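# Fold and contact review
Given next are the chains, with one letter for each unit.
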Amino acid sequence: MILNTGSRTDIPAFFSEWFYKRIEEGYVMVRNPYYPSQVLRYRLEPEVVDGILFCTKNPKPMLEKIHCLDAFRQLWFVTVTPYGKEIEPGVPEKGRVLETFRELSGIVGKRAVIWRYDPIFLSEKYSLEFHMEAFERMAAALEGYTECCVISFIDLYEKTKRNFPGVKAVGKEERMRIGREFVRIGGRYGMEIRSCCEGTELEVFGVNCSGCMTKEVVERAFGCKLEVPGGGKSAREGCHCLLGNDIGVYHSCGHGCLYCYANDDAETVRRNRRRHEVDSPFLVGGAMEGDEVREVRQESWVDGQLSLEDFWGR
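All figures in this text were calculated on a predicted structure; none of them were measured in a lab. Throughout this description, residue numbers start from 1 for each chain and increase along the sequence as written. Whole-chain, interface and lining totals are the exception, using all residues; otherwise, since this is a predicted model, local features are given only for residues with pLDDT of at least 70 and side-chain atom pairs are given and counted only at 80 or more. Remark: hydrogens and water are excluded; side-chain values derive from all non-hydrogen atoms of the structure.

## Notes on the confidence of the model for the protein chain
Here is the rule: Confidence of the predictor at the level of single residues is given by pLDDT, which spans 0 to 100. The criterion used for residue contact is that any of the two residues' heavy atoms lie within 4.5 Å.
Overall, the prediction assigns the protein chain a mean pLDDT of 92, with 94% of residues at 70 or greater. Counted against residues more than four places away or in other chains, residues 306-314, with its pLDDT under 50, gives 13 contacts.

Encoded structure:
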């Protein structure tokens, strides 16, 4: 099975010490965000965890001890956007993040680190021209350190509109121009452009619209074939990505991005972060009376019939 750390919060940026403690102790407890008394217990052992997926805006805190993960396959999605502190107040300076991206790629390999340039929104400051110039600068800085960039356009969830007043959806004409130009720029720097849950309208320009965290993407990063039970269907409409088995907690990320779908409000985030304890098997809080703990059935999905040479030769 695959362990997902990044759909609910940014564990590498804010909870790396806790995560390495969980690896050391060999298990983690995850509370159901919708039914809090339901708790899942995952074993964190390479015999049953075929790989770990990370999504982060700052991998730096993980690098000092990253060789503690040598027994696990890894796939990292590192988000680097051109927005300023008024949009992403807790994200480090972008030059530092790009430098860390290159360092991470040197450790785990360029196939295992994917750049995310998302979400894309437009404003007077962040115009189409601004995005074109910023994307090319960043692509040049990451040339040779990744083979793929994932893009998506801002989704106007109710909490997004509440936390980011005045934000507007990106129109079709602008989306098409971005798709065309990003493919052109990506090709110059050796990067495939993939879209994240944006339909197929950008395929005409050469954007890969099959998904960003699909079985095929994971297989390429891991260097092995996977046999995913049930075909790895996602619960999200129009999405073909492997999003299950997430050990994060909503409303706990300290970046404070205005567009975030996973944070409700700043006070809830502060409260949850105060409840974080490095030695707890839970990311936020601990065991509670009435908890119903279920041991997750974990099995390896690696297909041992396909050699690494056969895989890369496809």
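Next comes the rest of the write-up.
## Quick notes on the pairing of strand β3 (residues 38-43)
Filter applied, for reference: By this definition, two strands are paired if DSSP reports at least two bridges between them. Numbering of helices and strands runs from the N terminus; a helix is a DSSP stretch of H or I covering at least four residues, while a strand is a stretch of E covering at least two.
Pairing analysis gives five bridges linking strand β2 (residues 27-31) to β3, with the strands arranged antiparallel. Across the sheet, Val30 pairs through a bridge with Leu40, a residue of β3. From the end of β2 to the start of β3, which pair antiparallel, there are six residues.

## Quick notes on the pairing of strand β5 (residues 73-79)
This is how the line gets drawn: Residue burial is assigned from relative accessible area. The probe radius is 1.4 Å, only protein chains are included, and a residue is buried under 20% of its type maximum, exposed over 50%, and partly exposed in between.
Taking burial as the measure, the seven residues of β5 include six buried ones, the bulk of the element. Pairing analysis gives six bridges linking strand β4 (residues 51-56) to β5, with the strands arranged parallel. In the sheet register, Leu53 faces β5, and the bridge partner there is Leu75. As defined by bridge partners, β5 adjoins strand β6 (residues 113-120) across four bridges and the pair is classed as parallel. Bridge pairing in β6 places Val78 opposite Trp115.

## Considering the packing of aromatic side chains
Filter applied, for reference: By convention, a stacked pair of Phe, Tyr or Trp rings (six-membered ring in the case of Trp) has centres within 6.5 Å and planes under 30 degrees apart, an edge-to-face pair has planes over 60 apart, and any other such pair is tilted. By definition, being over a ring means that NZ of Lys or CZ of Arg is both within 6 Å of the ring centre and within 35 degrees of the ring normal.
Summed over all chains, the structure comprises 16 aromatic pairs. A centroid spacing of 5.3 Å and a plane angle of 85° characterise the contact between Tyr117 and Phe135, whose relative ring orientation is edge-to-face. With Tyr117 in strand β6 and Phe135 in helix α5 (residues 128-141), the pair connects residues that are 18 residues apart, well separated along the chain. Judged by its relative accessible area of 1%, Tyr117 falls in the buried class. Ring geometry for Tyr126 against Phe130: centres 5.1 Å apart, planes inclined by 85°, an arrangement best described as edge-to-face. Taken together, the aromatic side chains of Tyr83, Phe121, Tyr126, Phe130, Phe164 and Tyr259 make up a single cluster linked through ring pairs. The ring of Tyr27 carries Arg22 above its face, with NZ or CZ at 5.0 Å from the centroid.

## Describing the sheet that holds β2
Heads up, the condition is: Lines fitted to the C-alpha atoms define the axes, with helices restricted to the stretch that makes contact. Angles between their N-to-C directions range from 0 to 180 degrees.
With mixed pairing, three strands are arranged side by side in an open sheet as β2-β3-β9. Two strands close off the open sheet at either side, each with one partner strand: β2 and β9 (292-295). In this sheet, neighbouring strand axes are inclined to one another by 25° on average, regardless of whether the strands run parallel or antiparallel.

## Concerning unusual backbone geometry
A negative phi holds for most residues other than glycine; trans holds for most peptide bonds. Cis geometry is adopted by the peptide bond preceding Pro119, which originates at Asp118 and carries an omega value of 0°. Its location among the elements puts Pro119 in strand β6. With a phi close to 55°, Asn245 is a non-glycine residue in the positive phi region. As for its placement among the helices and strands, Asn245 is situated in the loop between α8 (215-222) and α9 (266-274). Backbone geometry at His251 places phi at a positive 60°, although glycine is not the residue there. For His251, the location among the structural elements is in the loop between α8 and α9.

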